[in-house]
Amino acid sequence: MNRRTLLKHAIILGGGMVFIPACGGKEEKKASAWKHLSLTAGEEALVGEMVETLIPATDTPGAKALEIDRFVLMMVDDCYPKDQQAGFVKGLQQSPAVAEKLFHRSFDKCSTEEKIKILQALSTHTAETGQFYKLLRELTREGYLKSKFVMTKLLPYELVPGRYNGYVLLKQQTA
Amino acid sequence: MQNTFDAIVIGSGISGGWAAKELTEKGLTTLVLERGRDVKHLVDYPTTSLMPYEFEHRGRLTQEIQEANPIASRCYAFREDALHFFVKDAEHPYIQEKPFDWIRGYQVGGKSLLWARQTQRWSDFDFEGPVRDGFAVDWPIRYADLAPWYSHVERFAGIAGNRDGLDSLPDGDFLPAWPLNIVEDHFKNTLKQKFNTRHLISARAAHLSQPQPIHLEQGRAKCQNRVLCQRGCPFGGYFSSNASTLPWAAKTGKLTLRPHSVVHSIIYDEKKGKATGVRVIDTQTKQEIVYNARIIFVNAAALNTNLILLNSTSGRFPQGLGNDNGLLGKYIAFHNYSATISAEYEGYLNYTTDGRNPAGGGYVPRFRNLYKQETDFLRGYAAGFNAHRSTSNPRPDAIGEDWKKQLLNPQPGLWRVGSHMMGETIPKATNFIALDKEQKDDWGVPLLRVNVAYDENDEKMRRDYHEQFTAMFAAAGFTNIKTHITPRNPGLDIHEMGGVRMGHDPKTSLLNKWNQLHACSNVFVTDGACMTSTATQNPSLTYMALTARAANHAMEELKKGNL
């Protein structure tokens, strides 16, 4: 949550309004306070399942534990124009149908292999699921590689290299 | 605060910083006026030590910021880590009669915090350009006039480079160059063997590759290859006003630095026949204050220097200070950066690089129309060139453990090579800026109207750059060669120049060979506004040298009682 969102909340609270979940009639319509995206808690959870499928926990944490799902949604919310946000949300909302069609269950009930097949099918299912999946994958990659965990523990980023060598002989690669 | 000084310097960027250093060292009490806020070296670099993951959007701009700042957002350095050093579009409006991306840094240090740090000397091929090729007016100086001042500023600023022995790009007083990598050297050797008048050199850049005592005395240390310069450098590894000239000037005890000070105009005294001071608006109190001095250096950055002079009207100068011939604001020129070329190289796959090169790679000095006119366009272009080892892309359909493994074990891909053109543009009367007759900014200063555009010469030059570099790339064995036109408005090169050009003749120029207004000799203009032509070199080093030379002349004239 960025400062502006916090500020908005502070203003709402400070103004003496009663702070109730913005669910209206439908069940838990807004899970998080995004500025532009309107998602249900279920849809957010699905994004969590999907990023974990893309980058699962192994002997190191997966995308879910690193909160890459939050990163993906935050980036879509903050850094993309309205039409891309809309395409992302539509594609996300059409995704459960792909799981149902292929395996007759919800995404979270599928096996890892099935989940992978579903994600692969998103590319071509509809224009929106294709757009959604492309952005999801791109942002998952960016969020993962630029996470504190990866940048400090797995592929350490050097803030201060202190050197430049233009002729580094590579060691013979082990395939 | 006192109101009378020996000298006033308007602007604290790369040339204003030099004016401050030179004038205070000569013992003159000097007031430096900066329209923006203060940025103290080390203290005011809020992002300098942040890791990439500490930026909420990992360096990217939010949609909201992009939409609010279409102009600034087109600048490569306007990113999450350096946003705070750029003028936001809505803060300081101007009028684009033709599209012009005016990139500005309103703070102490100005754009010297953000510059690309490329520093090449001009040669007489450049100073003699206008007179040889029949455009603009003859420069009133030649390389020999500026050479000692180039050395003077290079030694203090710290410029890394090789002594390449090229007559198109004179050697300077250099620190050791940053090395080229194996593929850059391959391209260099290709040019040497197959294009004997074309050269690739290690880019000369204002980085302390091996600090000398004069740099340590400034409190600066060796460049640490962070290549995060736009955030401000905690080592003072690259040259900026903030790290170098301004603290040096402050140490003399003669410097008064006044941020939040917009200069409305320069005050001309008709009886004395010279300028007596400047009218300043304090941006915080909106109070108007007059400061007086014996000499005034105008270093507000090219277009704002024009604006201040245009707005400095008096009975003697109804069209702006020193503007007897009506040429003030005209003959604005810039650099043509509108083309790039990219390719791959399948050789040297057993080599890579390690660390980061702050100079960025190689530089191809101008070779076109150098010794004689050989094309159907005037002048020529320099070019950047660099090579880097790419990372091979994991299969686009990889998912799961497989993909994770690939992401965590990046394998080197092909070498990627790229170049961007830096073309000279021809100053023309039709490329001009003027003051709007009605609209004013928050300080009562008229808004600037900008009329600057490319012309046919620029398009021909761009085609030639693509043709020549395609041939040079092919000769080097590069593959998948792709030429790109990068549609960009003038201004985005951030090398706008002219409007107050130097020349021999008061009828056709504004400044004499010492950067003094012909018609008001105690006013000096030594930033980009003074440029008679643009050459192909990155201009900052030349502004620094012109400033130091002019400051020296000012002191001599003061001593003689001529000012």
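Just above, that's the structure.
So, here is what we can say about the structure in this document. Worth saying up front: this structure is predicted, and the values here are computed from it rather than measured. (Residues numbered from 1 in each chain as written. Chains lettered and ligands numbered in written order. Predicted model: local features only at pLDDT ≥ 70, side-chain atom pairs only at ≥ 80, totals over all residues. Heavy atoms only, no water.)

### Observations regarding the sheet that holds strand β17 (residues 446-451) of chain B
Residue and element names in this part refer to chain B. Selection rule: Pairing between strands requires that DSSP locate at least two bridges from one strand to the other. By the criteria applied, helices consist of DSSP H or I runs no shorter than four residues and strands consist of E runs no shorter than two, each listed in order from the N terminus. Contact criterion: two residues are considered in contact whenever any of their non-hydrogen atoms come within 4.5 Å of each other. The angle between two axes is taken between their N-to-C directions and runs from 0 to 180 degrees, where each axis is a line fitted to C-alpha atoms and a helix contributes only its stretch in contact.
Strand order in the open sheet made by the three strands is β3-β17-β16, with mixed pairing throughout. A single partner strand is all that each edge strand has here, and the edge strands are β3 (95-96) and β16 (432-440). Sheet analysis places β3 next to β17, joined by two bridges and oriented parallel. Looking across to β17, one finds that Ile95 is bridged to Arg449. The sheet contacts of helix α9 (residues 302-311) involve β16 and β17, and relative to β16 the element is tilted by about 60°.

### Description of the interface of chain A and chain B
Going by this rule: Summed over both partners, the accessible area lost on bringing two parts together, with a 1.4 Å probe, is the buried area. Salt bridge criterion: a side-chain nitrogen from Lys or Arg within 4 Å of a carboxyl oxygen from Asp or Glu. Within 3.5 Å is the distance limit for a polar contact, defined as a pair of N or O atoms, with the added protein rule that one can donate a hydrogen and the other accept it, and that residues adjacent in sequence qualify only through two side-chain atoms.
The interface of chain A with chain B comprises 52 residues on the first partner and 48 residues on the second. Considering only the surface of chain A that becomes buried against chain B, A:Leu159, A:Tyr164 and A:Tyr167 emerge as the three largest contributors, covering 18% of it. Our enumeration of links across chain A and chain B arrives at two salt bridges. In this structure, the salt-bridge partner of B:Asp354 is A:Arg163, at a minimum N-O distance of 2.6 Å. Joining chain A to chain B, the criterion identifies 23 residue pairs in polar contact (both at pLDDT 80 or more). The set of elements that each furnish at least two residues to the side of chain A that touches chain B consists of α2 (41-54), α3 (68-79), α5 (112-125), α6 (127-145), α7 (148-154) and β1 (164-169) of chain A.

### Considerations on the packing of helix α1 (residues 14-25) of chain B against helix α5 (residues 143-157) of chain B
All names here are of chain B. This is how it is decided: What sets the label is the angle itself: under 35 degrees gives roughly parallel, over 145 gives roughly antiparallel, 65 to 115 gives roughly perpendicular, and the rest give oblique. Gly is placed with the polar residues, together with every amino acid not listed as nonpolar (Ala, Val, Leu, Ile, Met, Phe, Trp, Tyr, Cys and Pro) or charged (Asp, Glu, Lys and Arg).
Relative to each other, α1 and α5 sit at 100°, their axes nearing to 13 Å. In terms of their interaxial angle, α1 and α5 are classed as roughly perpendicular. In contact with Trp18, Lys21 and Glu22 of α1, α5 contributes His152, Val153 and Phe156. Taken together, the residues of the contact of α1 with α5 break down into three nonpolar, one polar and two charged.

### Some words on the environment of A:Pro156
All names here are of chain A. With respect to the helices and strands, the residue Pro156 is situated in the loop between α7 and β1. With 106 residues separating them in the primary sequence, Pro156 and Met50 have C-alpha atoms 26 Å apart. When near neighbours in sequence (up to four residues on either side) are disregarded, Pro156 contacts Val150 and Met151.

### Some details on the side chain of B:Glu344
Mapped onto the elements of the fold, B:Glu344 is located in strand β11 (residues 339-345). Dropping the residues within four chain positions of it, B:Glu344 is found in contact with B:Leu414, B:Trp415, B:Arg416, B:Val417, B:Phe478, B:Thr479 and B:Asn480.

### Structural notes on the nonpolar core
A general feature of soluble globular proteins is that nonpolar side chains tend to end up buried together. Here is the rule: Take the buried Ala, Val, Leu, Ile, Met, Phe, Trp, Tyr and Cys residues and link them wherever side-chain atoms come within 4.5 Å; each set so joined is a nonpolar core. Relative accessibility under 20% of the residue-type maximum defines a buried residue, over 50% an exposed one, and the middle range a partly exposed one, all with a 1.4 Å probe and only protein chains included.
Counting 101 residues, the largest nonpolar core has B:Ile10, B:Ile266 and B:Val278 as its most contacted members. The element best represented in this core is α5(B), accounting for eight residues. Excluding its chain neighbours within four sequence positions, the residues that come into contact with B:Val278 are B:Ile8, B:Ile10, B:Leu33, B:Val263, B:Ser265, B:Ile266, B:Ile267, B:Ile289, B:Val290, B:Tyr291 and B:Ile296. In this structure, A:Val47, A:Leu54, A:Phe71 and A:Leu139 belong to the second largest nonpolar core, which totals 43 residues.

### A few points about empty space enclosed by the protein
Residue and element names in this part refer to chain B. Spelled out, the test is: Cavity means a closed set of points on a 1 Å grid over the protein atoms alone, one where a 1.4 Å probe fits but cannot get out, pocket means an open set with protein on both sides within 12 Å along at least 5 of 7 lines, and lining means a residue has an atom within 4 Å of a point. Grid points are joined across faces, edges and corners, and a volume is the space filled by probe spheres set on the points.
Using the criterion set out here, one finds three cavities of 30 Å³ or more in the structure. When the residues that make up the lining of the largest cavity are grouped by side-chain class, the tally is eight nonpolar, five polar and one charged. Computed from the structure, the second largest cavity encloses a volume of approximately 60 Å³. The wall of the second largest cavity is formed by Ser123, Phe125, Asp126, Ser168, Leu169, Tyr363, Pro365, Arg366, Leu370, Thr536 and Gln537. Residue composition of the lining of the second largest cavity, by class: five nonpolar, four polar and two charged.

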